Amino acid sequence: MTTSPEEESIELQQPQQPKRRNRIGTKNKELYNWDPIEYEQNESSFATQEYIQDRIRKDECNTNYVLSMPSNHDINLWQYEQIRQFTLELNHFTALFKDFCNQTTCPSMKATDDWLFLCASHKQTQECSAIDYIIHTLDSTSAILNSDKHFPKRIEIPATSIKHFQSICRRLYRIFAHAFYHHRELYNDFESKTNLHKRFCKFCLQSNLLPKSAILVKE
Ligand SMILES: [Zn+2]
Ligand SMILES: [Zn+2]
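Please read these numbers as outputs of a predicted model, since none were measured by experiment.

Caption draft 1: Expanded view of the coordination of the zinc ion (ligand 2). The zinc ion (ligand 2) binds to the protein through Cys119 (SG), His122 (NE2), Cys128 (SG) and His136 (ND1); the donor distances cover 2.0 to 2.4 Å. Coordination at the zinc ion (ligand 2) is tetrahedral: its 4 donor atoms span angles of 100 to 120° at the metal. Positions of the donor residues of the zinc ion (ligand 2) along the chain correspond to the pattern C-x2-H-x5-C-x7-H. Residue classification places Cys119 among the buried residues on the basis of a relative accessible area of 0%. Classification of His122 by relative accessible area gives partly exposed; the value is 26%.

Caption draft 2: Structural detail: the packing of aromatic side chains. Tallied over the entire structure, the rule returns 14 aromatic pairs. Judged by centre distance (5.9 Å) and plane angle (85°), the rings of Tyr39 and Tyr51 are edge-to-face. Separated by 12 residues along the polypeptide, Tyr39 in the loop between helix 1 (5-8) and helix 2 (47-59) and Tyr51 in helix 2 bring together distant segments of the chain. Both rings, one in Phe86 and one in Phe200, keep their centres 5.0 Å apart while their planes meet at 85°; by these two values the pair is edge-to-face. Taken together, the residues span a long stretch of sequence, with Phe86 in helix 4 (residues 75-95) and Phe200 in helix 8 (residues 196-206) at a distance of 114 residues. Of the residues examined, Phe200 reaches a relative accessible area of 0% and is grouped as buried.

Caption draft 3: Geometry of the coordination of the zinc ion (ligand 1). The zinc ion (ligand 1) binds to the protein through Cys101 (SG), Cys106 (SG), His178 (NE2) and His183 (NE2); the donor distances cover 2.1 to 2.3 Å. Within one chain, the residues serving as donors to the zinc ion (ligand 1) are arranged as C-x4-C-x71-H-x4-H. Separated by 72 residues along the polypeptide, Cys106 in the loop between helix 4 and helix 5 (130-145) and His178 in helix 6 (residues 164-182) bring together distant segments of the chain. Pair check on accessibility: Cys106 and His178 agree, each one buried.

The rules behind each value
Residues numbered from 1 in each chain as written. Chains lettered and ligands numbered in written order. Predicted model: local features only at pLDDT ≥ 70, side-chain atom pairs only at ≥ 80, totals over all residues. Heavy atoms only, no water. Donors = N, O, S within 2.8 Å, 3.2 Å for Na, K, Ca; no water. Tetrahedral: all angles 85-135°; square planar, octahedral: opposite > 155°, others 65-115°. Buried < 20%, exposed > 50% of the residue type's maximum accessible area, 1.4 Å probe, protein only. Phe/Tyr/Trp six-rings, centres within 6.5 Å; stacked < 30°, edge-to-face > 60°. Helix = DSSP H or I, 4+ residues; strand = E, 2+ residues; numbered from the N terminus.

Next up, the structure:
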């Protein structure tokens, strides 16, 4: 009996570290199927981002776990990467607004009726509808965070660029506040699955990026 070449070869299982890479064609539920590794063991220049995202995948609702900074980490870089991640997740959140928030339902950007938020993403601040405010703010935030001028490297944050963190967080926070006061069901549903608002507030208060008085959502 002849054996076909296929039957002659057996793929040997090599013991090796699983690669932190999604192969083309990986099914959705099998994406990112690796365990978190210690921060010190990750030599990638995206180590901090990967550290945060691994923790979110493992235990998203555990805010302390996701916000616990590796020891001796540069604090500015840590804050930068956390803010990048919040911006990303807020993009996912606000994608859910499309059926609920428009020029007719929310012609202006408000949380409670006490404040009207003006959009700072233009040469001069102007009144934008809530959904436009949200999209413009997320876009301009991404533009700042990805700008070569303000943040040329992912491993070191220029001291002069730290000042952007407060204004970014103040504007991003209003998205949660709008959702809470105007689209409560959507907010509750998302928050119950992610704890994103809870994590964002904890991060901003710990990092002194938002004063306590700015927290408009009282749950
Ligand atoms: Zn709205
Ligand atoms: Zn605008």
